[in-house]
2 protein chains.
Amino acid sequence: MKLTILKEYLNESIQHVSKAISNKTTIPILSGIKIDADVNGMTLTASDTDISIQSHIPNEKNEISIIDLQKPGSVVLSSKFFVEIIRKLPASKIEIEVKDHFLTIIRSGSSEIQLVGLDPEEYPTLPSIEENRRIQMPSDLLKSMIKQTSFAVSTNESTPVLTGVLWTVNEGNLKFTACDRHRLGSRETKIEVNDEFPVSNVSISGKTLNELAKILPDQNTLIDVIFAESQVLFQLSSILFYTRVLDGTYPDTSKLIPQSYQTELVINAQQLANAIDRAYLLSREEKTNIVKLIMREDQTIEISSSSSELGKVTEQLDVSKLTGELLRISFNSKYMLDALKVIDSELIHIGFTGAMQPIIIRPAEESSTLLQLILPYRTTS
Amino acid sequence: MKLTILKEYLNESIQHVSKAISNKTTIPILSGIKIDADVNGMTLTASDTDISIQSHIPNEKNEISIIDLQKPGSVVLSSKFFVEIIRKLPASKIEIEVKDHFLTIIRSGSSEIQLVGLDPEEYPTLPSIEENRRIQMPSDLLKSMIKQTSFAVSTNESTPVLTGVLWTVNEGNLKFTACDRHRLGSRETKIEVNDEFPVSNVSISGKTLNELAKILPDQNTLIDVIFAESQVLFQLSSILFYTRVLDGTYPDTSKLIPQSYQTELVINAQQLANAIDRAYLLSREEKTNIVKLIMREDQTIEISSSSSELGKVTEQLDVSKLTGELLRISFNSKYMLDALKVIDSELIHIGFTGAMQPIIIRPAEESSTLLQLILPYRTTS
C-alpha cells in the first residue's frame with residue numbers, strides 16, 4: 001500500500017471508527033484499526049465484537065482530491081498511538097507506505113513515523129447482513145429518541161437484555177423502551193416502512209446507542225436501519241455502524257402503564273426540576289436521594305427532603321392544575337430529575353394512581369409520544 | 001443573627017473561601033464555613049489549618065445595598081451542602097436567620113432551608129500576623145510567576161520543603177524557585193520595597209499557590225504580601241489568604257545553573273514543542289517518556305523516540321542558531337514540554353554543558369528572567 005491523503009479526512013474517519021475500540025479487548029488485533037486502500041478510496045474498520053464501525057473515505061469529494069493512490073493494499077495499525085499521532089502531524093498531507101512485514105511508514109512535513117503493522121488477513125470479518133428489514137429515519141430524531149430513553153436502561157449486567165433499549169416496529173410505528181425495574185422511559189414515532197413487517201424483541205445496548213449518537217449528524221439527514229437475525233446495521237452516508245442484538249427476552253412492560261389516573265398534576269417543568277434539584281442536594285448527603293411530594297387543598301405542592309445530620313429543605317410550588325385525591329408520595333429525586341431533563345416542554349403532566357403506584361410523567365401536550373415512569377418509595381411517614 | 005443579602009455577593013464569597021476546605025479534615029468544625037455578621041458587613045472564614053481564607057462582604061458597594069442587617073451574630077455552617085444550595089436558590093435575595101442552638105433558617109423565594117449550625121466559639125482563631133515585612137506586586141504578575149514555577153515542585157511529601165515554591169527577596173528583587181531533583185523552574189522580578197529587608201527560606205506549597213492563583217484577579221491590581229514568622233498573608237481587596245510556610249531548609253540550587261555553555265541552540269519554541277509532543281506520544285507508551293535530541297553539522301536537529309512494540313518517531317527541525325560541540329542528549333520529554341509550555345516567547349535559547357549536564361531553557365531575549373532547567377537521562381545508545 002502506498003498513498004497520500006489529506007490529514008483532515010483521515011483524522012475524521014479515525015475519530016469515528018475509534019469509538020468501537022475497547023481498551024479491554026482480549027484479542028490483540030482488535031486493538032488496531034484495519035486500513036484498506038483500493039481504487040475506490042480508503043476504508044477504516046474497528047471492532048470490539050459487540051460494535052463494529054466502518055468508515056469510507058472517497059478519493060475525491062466536492063472536486064477536492066482527498067487520496068492519491070499509488071499502490072493498493074491493507075494493514076492493521078495499533079490504535080493506541082495511531083489515533084493521536086495523526087491528529088498531531090505537522091502538515092495537511094500525509095503519506096502512508098506499507099513495506100515488508102507490514103512495517104508502515106507515515107510521513108508528514110518534518111515528521112517520519114515507523115509503525116509496526118499487523119497482518120490484515122488475521123482481522124475478523126464483519127457480520128454479513130441480509131437486507132431483509134430496513135427502516136429509514138431522520139438522524140436528529142434518532143438522536144433525540146436515544147437521549148430520551150437510554151439513561152433509563154439497567155446497569156446490572158446480570159440481565160443483559162435490560163441494559164439495552166428495546167426497539168419495536170409495528171404498523172408504521174417505531175417505539176423505544178428502556179427500563180431498569182425502578183423507572184422506564186419510552187418514546188414513539190411514526191415511520192414510513194415500505195413493506196409492513198414487525199420488529200420485536202430487538203434490544204440494543206444503551207452504551208452502544210450513546211456511542212452511535214456521537215457519530216450521528218445533527219441535521220435531519222436520513223439514516224438507514226437494517227435489522228438482521230442477531231445484528232442491527234446503521235447506515236450513514238459514509239459510515240456503517242454494526243451492533244449486536246442483546247440476548248434474552250425483553251419483559252412486557254405495557255402492563256406497568258396505567259390506563260387512567262386517580263390524581264393528575266400539571267406544573268411548570270423547570271420550576272419543578274429546580275425545586276427537586278435543591279431537595280436532591282440534601283437527600284444525596286443521606287445517600288438515599290429520597291424526596292417527598294405533598295399535595296395541598298390550595299392547589300400548591302410541597303417538595304421536601306431532610307437529613308438528620310444537616311437539616312431540611314422545603315419548597316412550595318404553585319401548580320397549573322391539580323385534580324383527584326391529594327397524595328403524599330416519596331420517590332428517588334435523581335430518577336425524577338433524569339426524567340424531567342429529557343422532557344422539552346414548558347408544562348408537564350404527572351399522573352398518579354396511588355401512593356405506591358407508578359408515577360407517569362409526560363409533556364402536557366396530548367400529542368406527545370414521550371413517557372417517563374418512576375416507581376415511588378415506600379416510606380414510613 | 002438575622003439579615004438579608006444579595007445571592008450573587010454571598011455566592012462569590014463562598015466560592016472564594018471554600019477553596020480552603022479540605023474533604024479530609026479530622027477536625028469536624030473545619031468542614032464548615034464561619035459566618036460573622038456585624039454593622040460592617042459579613043465575613044466568611046474557612047480553613048484547613050494549612051490555608052485559611054477570609055472574605056468580607058460590605059453592606060453596600062457602588063451604591064448597591066448588599067446586606068440588610070437586622071441582628072448581628074455568628075454561626076458555622078457545614079460547607080458540604082451550603083456551598084451548592086446557595087448557588088441554586090431561586091431568588092436574588094436570601095434571608096438568613098440563626099435561631100436557638102445555631103439552627104439556621106435560609107429563605108429565598110419559594111425555598112426554605114433549615115441547617116444544623118455549629119457554635120462559632122469552637123472555630124479556631126486565624127494566625128496573628130505581625131506586619132513586619134510587606135511587599136506589593138501586581139496580581140497578574142504574581143499569577144504568571146506561580147504558573148511558570150509551581151509545576152516544577154516536588155510531589156514527594158518526604159521532603160516537605162521541596163513541595164513548595166521558594167520565595168527570596170533581596171535588594172529589590174523577588175525570585176521564585178521550584179525544584180524536584182530532576183528539574184527546576186525559576187523567575188525573577190524587580191519589586192519596590194519600602195525598607196530594605198531580605199526574605200529567605202520561605203517555601204510556600206505549590207498546591208496552595210495554585211489555589212491562590214484561582215482567586216487572584218487577572219487585572220494588575222496590587223496585592224500585598226506580608227511575611228511573618230511561619231505564615232504568609234496575601235491581602236486582596238476584600239480577601240485575606242493565609243498560608244503556612246513549609247518546614248525545613250530549602251537547598252541551595254544556585255550551583256546547579258552553569259555560568260557558561262559548551263553548546264548553544266536557538267530554535268522556534270512552538271515547532272520544537274510540537275515535535276517533542278509527537279515523540280512524547282510514543283515514548284509515553286513505553287512509560288519512560290525518553291526522547292533523544294541529536295545535533296547535526298548542517299544546522300538541523302533530530303528529535304526521536306522509539307518503542308520496541310509500536311515503532312519509531314523521527315523529527316527533523318531547522319534551528320536559528322547552533323554553536324559549540326554537537327551533542328546527542330536524552331531527556332524526559334514530559335519535563336521538556338512542561339518547561340516549553342510556560343515560555344511565552346517565539347524563540348528559545350537552550351544551553352548545554354555536556355551530554356550529562358543540566359539543560360537550561362530560556363526565552364531567547366537576553367532580558368528575560370525566566371529560567372527552566374532539566375536534567376538529561378543517561379542512555380546506552
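No experiment lies behind these values; they were computed from the predicted model shown.

Some words on the overall build of chain A
In terms of helices and strands, chain A carries six helices and 29 strands. Overall size of chain A, expressed as C-alpha extent along the three principal axes, is 80 × 55 × 40 Å. Put simply, chain A has 381 residues, and 53% of those count as buried. Within chain A, counting contacts between residues at least 6 apart in sequence, those at least 24 apart form 65% of the total. When the accessible surface of chain A is totalled, it reaches about 18000 Å², and 45% of it is carbon and sulfur. Taken as two groups, the 38 positive and 49 negative side-chain charges of chain A have centres that lie 6 Å from each other.

Quick word on the UniProt feature "domain: DNA polymerase III beta sliding clamp N-terminal" (unreviewed entry) in chain A
The feature "domain: DNA polymerase III beta sliding clamp N-terminal" (unreviewed entry), as annotated in UniProt, sits at residues 1–127 of chain A in this numbering. The span residues 1–127 of chain A shows a helical share of 17% and a strand share of 47%, and its end C-alpha atoms are spaced 25 Å apart.

Brief notes about the interface of chain B and chain A
Taken together, the contacts link 30 residues of chain B with 30 residues of chain A. In this assembly, chain B packs against chain A so that about 2700 Å² is buried in total across both faces, 51% of it on carbon and sulfur atoms. Of all residues in chain B, the largest losses of buried area upon contact with chain A belong to B:F81, B:R278 and B:L310, amounting jointly to 22% of the total for that side. On the surface where chain B and chain A come into contact, there are six salt bridges.

Focus on the packing of aromatic side chains
Across all of its chains, the model carries eight aromatic pairs over all chains by this definition. Between B:W167 and B:F227, the ring centres sit 5.9 Å apart and the planes meet at 70 degrees, which makes this aromatic pair edge-to-face. A residue pair is termed long-range when its members are at least 10 positions apart, and B:W167 in strand 14 (residues 164–170) and B:F227 in strand 18 (residues 222–227) qualify at 60 residues. Like B:F227, B:W167 is buried. Here the aromatic residues A:W167, A:F176, A:F227, A:F234 and A:F241 are joined through ring pairs into a cluster of three or more.

Some points on the UniProt feature "domain: DNA polymerase III beta sliding clamp C-terminal" (unreviewed entry) in chain A
Within the UniProt annotation, "domain: DNA polymerase III beta sliding clamp C-terminal" (unreviewed entry) is assigned to residues 255–377 of chain A. End-to-end, the C-alpha atoms of residues 255–377 of chain A are 19 Å apart, and along that stretch the chain is 21% helix and 43% strand.

Let's talk about helix 4 (residues 206–215) of chain B
Residues and elements named next belong to chain B. Residues G206, T208, L209, L212, A213 and I215 constitute the buried set of helix 4. Considered in projection along helix 4, the buried side chains sweep an arc of 165 degrees and stay on one side of the axis. Facing away from the buried side of helix 4, by more than 90 degrees, are the exposed residues K207 and K214. Structurally, the start of helix 4 carries an N-cap: the backbone nitrogen of K207 is 3.3 Å from a side-chain oxygen of S205.

Comments concerning the environment of A:T125
Residues and elements named next belong to chain A. Mapped onto the elements, T125 comes out in the loop between strand 12 (117–118) and strand 13 (133–138). Given the relative accessible area of 75%, T125 is considered exposed. Residues T125 and T45 lie 80 residues apart in sequence; the distance between their C-alpha atoms is 9.9 Å.

Topic: the pattern of salt bridges
A full pass over the atoms with the stated rule returns 35 salt bridges over all chains. Close ionic contact of A:R284 with B:E84 constitutes a salt bridge, the shortest N to O distance being 2.6 Å. Placement of the pair is A:R284 in helix 5 (residues 269–285) and B:E84 in helix 2 (residues 79–88), with the two residues belonging to separate chains. What makes A:R284 partly exposed here is its relative accessible area of 31%. Ionic pairing is found between B:K341 and B:D338, a salt bridge with its closest N-O pair at 3.9 Å. Residue B:K341 and its partner B:D338 are located together in helix 6 (residues 333–341), separated by three residues, close to a single helical turn.

What about empty space enclosed by the protein?
For the structure shown, the criterion picks out one cavity of 30 Å³ or more. Every residue lining the largest cavity is listed: A:L310, B:L77, B:S78, B:L115 and B:V116. Classifying every residue of the lining of the largest cavity gives four nonpolar, one polar and no charged.

Regarding the relation of the copies chain B and chain A
For the pair chain B and chain A, the best superposition has an RMSD of 0.0 Å and corresponds to a rotation of 180 degrees with a translation of 0.0 Å parallel to the axis. The two molecules are tied by a two-fold rotation axis, judged by turn and shift. Closest approach to the rotation axis within chain B is made by the C-alpha atom of B:N23, at a distance of 16 Å. Comparing interface residues between copies, 100% of those in chain B also sit at the interface in chain A, which points to an isologous, same-surface contact.

Side note on the side chain of B:T104
All names here are of chain B. Its place among the elements puts T104 in strand 10 (residues 104–108). Among the polar contacts made by the side chain of T104, one reaches the main-chain carbonyl oxygen of F102 at a distance of 3.0 Å. Here T104 is in contact with V75, L77, I96, E97, V98, I113, Q114 and L115, once residues within four sequence places are set aside.

What about the domain arrangement of chain A?
Per the domain assignment, the segments of chain A are domain 1 (2–122), domain 2 (133–254) and domain 3 (258–374). Put simply, the middle of domain 1 of chain A and the middle of domain 3 of chain A, counted by C-alpha atoms, are 51 Å apart.

A closer look at the sheet that holds strand 7 (residues 67–71) of chain B
Pairing in this open sheet of nine strands is antiparallel, and the strands run 26(A)-22(A)-23(A)-24(A)-11(B)-10(B)-9(B)-1(B)-7(B) from one edge to the other. Bordering the open sheet on either side are strand 26 (328–332) of chain A together with strand 7 of chain B, each of which pairs with just one other strand. Neighbour-to-neighbour, the strand axes of this sheet turn through a mean angle of 15 degrees, independent of strand direction. As judged from the four bridges shared by strand 9 (residues 93–98) of chain B and strand 10 of chain B, these two strands associate in the antiparallel manner. Bridge pairing in strand 10 of chain B links B:E95 to B:R107. This element, helix 6 (residues 333–341) of chain A, spans strand 22 (290–295) and strand 26 of chain A of the sheet and lies at about 80 degrees to strand 26 of chain A. Along the sheet face, helix 1 (residues 7–17) of chain B touches strand 1 (2–6) and strand 9 of chain B and points at about 90 degrees away from the line of strand 1 of chain B.

The rules behind each value
Residues numbered from 1 in each chain as written. Chains lettered and ligands numbered in written order. Predicted model: local features only at pLDDT ≥ 70, side-chain atom pairs only at ≥ 80, totals over all residues. Heavy atoms only, no water. Helix = DSSP H or I, 4+ residues; strand = E, 2+ residues; numbered from the N terminus. Buried < 20%, exposed > 50% of the residue type's maximum accessible area, 1.4 Å probe, protein only. Contact = heavy atoms within 4.5 Å. Areas by Shrake-Rupley, 256 points an atom, 1.4 Å probe, with all protein chains shown as cover. Lys, Arg positive; Asp, Glu negative; His and termini not counted. Charge placed at Lys NZ, Arg CZ, Asp CG, Glu CD. UniProt positions renumbered as here; feature names shortened; annotations may be inferred. Buried area = accessible area lost by both parts, 1.4 Å probe. Salt bridge = Lys/Arg side-chain N within 4 Å of Asp/Glu carboxyl O. Phe/Tyr/Trp six-rings, centres within 6.5 Å; stacked < 30°, edge-to-face > 60°. Arc of directions from axis to C-beta. Polar contact = N/O pair within 3.5 Å; in protein donor to acceptor, adjacent residues only side chain to side chain. 1 Å grid on protein atoms, 1.4 Å probe; cavity = no way out; pocket = protein on both sides within 12 Å on 5 of 7 lines; lining within 4 Å. Points joined across faces, edges and corners; volume = space filled by probe spheres on them. Nonpolar A, V, L, I, M, F, W, Y, C, P; charged D, E, K, R; others polar. Least-squares fit on C-alpha atoms with pLDDT ≥ 70 in both. Domains from an automatic or database assignment. Pairing = 2+ DSSP bridges. Axes fitted to C-alpha atoms, helices over the stretch in contact; angles between N-to-C directions.

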